[in-house]
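Per-entry structural report
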Amino acid sequence: MNVATVEIEAKGTAQPRGKVNLTIKDFKGKAEPDWCAGCGDFGVLSALKQALLELHILPHQALVISGIGCSSNLPGYVSTYGMHTLHGRALSVATGAQMANHELKVIVTGGDGDGYGIGGNHFIHTMRRNVDLTYIVMNNQIYGLTTGQLSPTSVKGMATKSTPFGSVENPINPIPLAIAAGATYVARGYTGQVKHLVELIKGGIQHKGFALIDAFSPCVTFNHDNGHEFFKQKTFKLEDRKHDPTDFAAAMKYGYEWGDEIAIGLFWKRTDLPALDDLEPVLREGGPLARRALGISPDVAKSLIRELM
Amino acid sequence: MAKLDLSIAIGGAAGQGIATPGDILARIFVRRGLHLNAYNAYQSIVRGGHIFLTLRTSEDPVLSFGDKIDIMIPLNQDTMSRHLGLMKSGSAVLYNGDKIKPSEAATGVQLCPFSVKQLAPNIKGDLVQNTIALAAVLQLIGVEFKMLEDILTLQFKRKGQAVIDENVGVARAGYEYAASHFKPLPFSLPNTGKPLAFFEGNQALAMGGAAAGVRFYCAYPMSPSSGVLHWMARHARQLDIMVRQVEDEIGVINMAIGAAHAGCRAMCATSGGGFALMTEGLGAAAMMEIPLVCINVQRAGPATGVPTKTEQGDLWQVMGAGQGDYPRIIVAPTTIPDCFKTVPQLFNLVDRFQCPGIILSDLLLSEGRSSIDPSELDFAVPIERGAMIGLNGSLPPLNGGYKRYEFTGSGISPRAIPGTPGFAHVVATDDHDEDGVLISDEFTNPHKRQAMHEKRMRKMEGILPMIDPPRLWGDENAGVTLVGWGSTQGVIREAIEKLSREEGIAVNALQIKWIVPLHVREIASTLSRSKKVIIVENNYSGQFARYLRSETGIAADGHIRKYDGEPFMPHHIVNGVKEILAGQTKQYVPVHEIMV
């Protein structure tokens, strides 16, 4: 689908009404990607734009937030609202933005070092809160922007600039971690399979709650162990194995597999848990917090003062 | 007739119920229209240890918790042993004689033992001694019993008539026992007929935020800042404020950034350790040009330090917070009521200049309590959000596209909030051009970097004219000037009054509230008229003295510093000024006599 006709509803502020023909070009950002030729991140960029198009999300309705790293440059390459924040902090910023305006489609993009390393604490807590976000991690199992050091997802034994004799540490496995921490939509894609990735991202955006899409996004410059050849040979789609994403035990089992076969697809999904903004009484009526009138009424002011007397 | 100046102290272990009689006394004072200043010296301990609450009251505003105690209620032997030696002639000590024994007291100190066993033979638990002591105190200062009866009735309403009767009965026994056995103080607690309110500094900060229209508050609990979180959480649903407790302070500042960028007024509070974690985020807010307010309630550092003790030790941390140069406003409120007024003022500034604002409070202000005339608690403050697009109303024309970081003379570029059609843009912590495109994305461009850096920093020039220069207290021609900053205003003012009244030494005082930007010209001009400049601050190295020197070239003639965790008392400053003026020392460090 390359063109979508989108009807704009009047909502909140003074919005133009009417119909627009949306094309993939409408999602092109102001800057050109500065990624290396062949970088997996191109696949995520095109998949994200395609997902937004297919879901009829207008550029101003989405807020794409990233941290720091090669992949975190992504907000500059899409035409939506964007925030290019600090290393590891995108999920915190995104939580604040989503709670301040829960009508925005908030999408977080970044890398494995950003999300699973320096941002690890926020990662766990954002999942347990089930904040209504779509988090796409471009997982290349290496630190690229800093020119090739160990990442939290680098496999044991991997030789990098910071582990020249091979890493002795075990990597993080984000899939079981996310399921255990309380994410309500947990998927993995591969940037060599863009159509599949589009579907996973669409599912994540449509899901009400925290959606993780870990995307194998090979670094062609610094990670020669886990390149396209590796993933082409090993990945299989969970959908082809008739996996039931509500089956916790099966989701964990597939999540832990890392050998001759590596699963991609939707591991885990539950819809019985409300997202944080649905649980927050302050958001029950009155629309987005950010647009509400400020100030305290004289009656409320009086009651606050009475408490002190 | 001389004005009333009454201090009552209650001491004991954590868990002995010191807060309740303290609150009751404070309410009685303010309901009679008396002013109040209270300070609670406590430890980082939930049960045990030593807590010492001092409440001071007068018809006039009370500037500090003072130098003396008129009535002490020791709830345990430890408190009696620690403090009896400091009680002066004319004071009274009320205690449960069944359990607590006094050592030798100074002449003229009235020891007032009562027996809990006799007065409340049927009541279990130790809390009853508090009720008896409180009733006896009220008798000594001439407060009618009805007042306590009403308060106890209200306090125990939920527990039923039997509990009310029991407590009122015990209180009456204590009141009557005091009437027949103890000598009352030589006055009756006046009633001005104009009831006041009272609050602690953290409440004042939170209420100032509410008045300013804070819609998003987040924090990680940290003493002594948690009171702001508690007030916000308690009132969140009433006031439509989103309150979030976050996993760490890095998350706090970044969550506040997200909410502020989306269009909310966002605030957070912490203490020095949490603030250290927030510093990169503050620079990020400044780089992306997102306004927010961050409160640092200082406690004694470094590291975990003394968690329940006060200090003004974070000045350089706050001034140096974050890498690189960036525009920001740093303000240190000077009194508890000033905390309330400062927050809305700062929000208007940060919204207008699109930068972070930092409030430097400390334990003394934030956990201290002060009376306030309710008419001064003005919630109808002006709310000025600056150049914002898409918040409400119509959108400005898009002439050739929107540039988030458009170069302007003031350095202020209108900011569009996410969700506004036609104004989509990227904000970035990487330096960027007018369009928000990263400078490093296009090839690094030193000219663009310089121009954007200058645009951001140019905003600082607009801030100074919008804030008040510091006020000089006391005789303009005194010749000796004390310089303080933030929370020490009350105690310094009291010290200069004391110096004039008791020592015949004329001293004035310049209290600095706005730290960045600093009124360099006004401060230099004031201090140039003084023969001696003495800087008073609650830290070891003279952080403000060094800052003042760096900005004005003025090196102070003397220093009064305190870094034992306890706040200054007026006589500490008086003694320091006398020694410095006598040429005995250039740097005076008082010894805190009270062991708390």
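Residues numbered from 1 in each chain as written. Chains lettered and ligands numbered in written order. Predicted model: local features only at pLDDT ≥ 70, side-chain atom pairs only at ≥ 80, totals over all residues.

**Digging into the packing of helix α2 (residues 90–100) of chain A against helix α9 (residues 249–262) of chain B**
Packing of α2 of chain A against α9 of chain B leaves a shortest axis separation of 6 Å and a crossing angle of 40 degrees. Between α2 of chain A and α9 of chain B, the crossing angle belongs to the class labelled oblique. In this structure, the crossing between α2 of chain A and α9 of chain B has a hand that is right-handed. Within the contact between the two elements, α2 of chain A uses S92, V93, A94, T95, G96, A97, M99 and A100 of chain A and α9 of chain B uses G251, N254, M255, A256, I257, G258, A259, H261 and A262 of chain B. (Axes fitted to C-alpha atoms, helices over the stretch in contact; angles between N-to-C directions. Helix = DSSP H or I, 4+ residues; strand = E, 2+ residues; numbered from the N terminus. Parallel < 35°, antiparallel > 145°, perpendicular 65-115°, else oblique. Left-handed = near helix turned anticlockwise from the far one by under 90°. Contact = placed C-beta atoms within 7 Å.)

**Describing the environment of V93 of chain B**
Residues and elements named next belong to chain B. Mapped onto the elements of the fold, V93 is located in strand β5 (residues 92–96). On the basis of neighbour counts, which here come to 23 C-beta atoms within 10 Å, the residue V93 falls in the buried class. It is 50 Å that separates the C-alpha atoms of V93 and T552, two residues lying 459 residues apart in sequence. Those residues in contact with V93 that sit more than four places away from it in its chain are M72, P74, L84, M87, P102, V109, L111 and C112. (Buried ≥ 20, exposed ≤ 12 C-beta atoms within 10 Å, placed from the backbone.)

**Concerning helix α1 (residues 41–54) of chain A**
All names here are of chain A. An ideal rise of 1.5 Å per residue puts 20 Å on 14 residues; α1 measures up with 20 Å between its terminal C-alpha atoms. Of all 14 residues that make up α1, 11 are buried, and the element is covered over most of its length. Directly beyond the C-terminal end of α1, a positive phi value near 60 degrees is found at H56. (Expected span 1.5 Å × (residues − 1).)

**Some words on the interface of chain A and chain B**
Each side of the interface is counted separately: chain A has 54 residues, and chain B has 62 residues. Elements with a minimum of two residues in the side of chain A that touches chain B: β4 (81–84), α2, α4 (120–129) and α10 (298–306) of chain A. Per-element accounting of the side of chain A that touches chain B gives the leading share, 8 residues, to α2 of chain A. Classifying every residue of the side of chain A that touches chain B gives 27 nonpolar, 20 polar and 7 charged. Where β4 of chain A meets strand β17 (residues 426–428) of chain B, 3 bridges bridge the pair, whose relative direction is parallel. Its bridge partner lying in β17 of chain B, M83 of chain A is registered against V427 of chain B. (Nonpolar A, V, L, I, M, F, W, Y, C, P; charged D, E, K, R; others polar. Pairing = 2+ DSSP bridges.)

**Section: the packing of α2 of chain A against α4 of chain A**
Residues and elements named next belong to chain A. Packing of α2 against α4 leaves a shortest axis separation of 8 Å and a crossing angle of 35 degrees. Mapping the contact onto sequence places L91, S92 and T95 in α2 and H122, F123 and T126 in α4. Tallied by class, the residues present in the contact of α2 with α4 amount to 2 nonpolar, 4 polar and no charged.

**Some details on the pairing of strand β14 (residues 369–372) of chain B**
Residues and elements named next belong to chain B. Where burial is concerned, the two faces of β14 agree: the one with R369 and S371 and the one with S370 and I372 are both buried. Note: strand β2 (residues 35–41) against β14, 2 bridges, orientation antiparallel. Residue pairing for β14: N37 is matched across the bridge by S370. Here strand β7 (residues 197–200) runs beside β14; their pairing, made up of 4 bridges, is antiparallel. Residue pairing across strands places E200 opposite R369, the latter belonging to β14.

**Examining the domain arrangement of chain B**
How big an interface is tends to be reported as the loss of accessible area on association of its parts. All names here are of chain B. Each domain of chain B was delimited in the assignment, giving domain 1 (6–181), domain 2 (199–370), domain 3 (387–467) and domain 4 (471–588). Using only C-alpha atoms to locate each centre, domain 1 and domain 4 end up separated by 36 Å. The class makeup of the residues in the side of domain 1 that touches domain 4 is 3 nonpolar, 2 polar and 1 charged. (Domains from an automatic or database assignment.)

**A look at the sheet that holds β5 of chain B**
Residue and element names in this part refer to chain B. Spatially, β6-β5-β4-β1-β3-β2-β14-β7 is the arrangement adopted by the 8 strands of the open sheet, whose pairing is mixed. Looking at strand neighbours, the two that pair on one side only are β6 (110–114) and β7, the edges of this open sheet. Direction aside, neighbouring strands of the sheet carry axes that sit 15 degrees apart on average. Contacting β1 (6–14), β2, β3 (48–58), β7 and β14, helix α1 (residues 19–31) runs over the sheet at an angle of about 5 degrees to β3.

**Digging into the nonpolar core**
Generally speaking, soluble globular proteins have nonpolar side chains that are buried together. Grouped together as the largest cluster of nonpolar side chains are 260 residues, with contacts concentrated most on A136, V137, F216, A256, A259 and L292 of chain B. If near-sequence neighbours (up to four positions away) are discounted, A259 of chain B is found in contact with G96, A97, M99 and A100 of chain A together with F216, C264 and A266 of chain B. In this structure, W35, C39, I142 and Y143 of chain A belong to the second largest nonpolar core, which totals 7 residues. (Core = buried A, V, L, I, M, F, W, Y, C linked by C-beta atoms within 7 Å.)

**Let's talk about the sheet that holds strand β8 (residues 211–216) of chain A**
Pairing within the open sheet is mixed, and its 9 strands lie in the order β9(A)-β10(A)-β7(A)-β8(A)-β6(A)-β5(A)-β3(A)-β4(A)-β17(B). Two strands bound the open sheet, and with one partner strand each, they are β9 (235–237) of chain A together with β17 of chain B. Direction aside, neighbouring strands of the sheet carry axes that sit 20 degrees apart on average. With 3 bridges connecting them, β9 of chain A and strand β10 (residues 262–269) of chain A associate as parallel partners. By the bridge assignment for β10 of chain A, T235 of chain A is matched with I262 of chain A.

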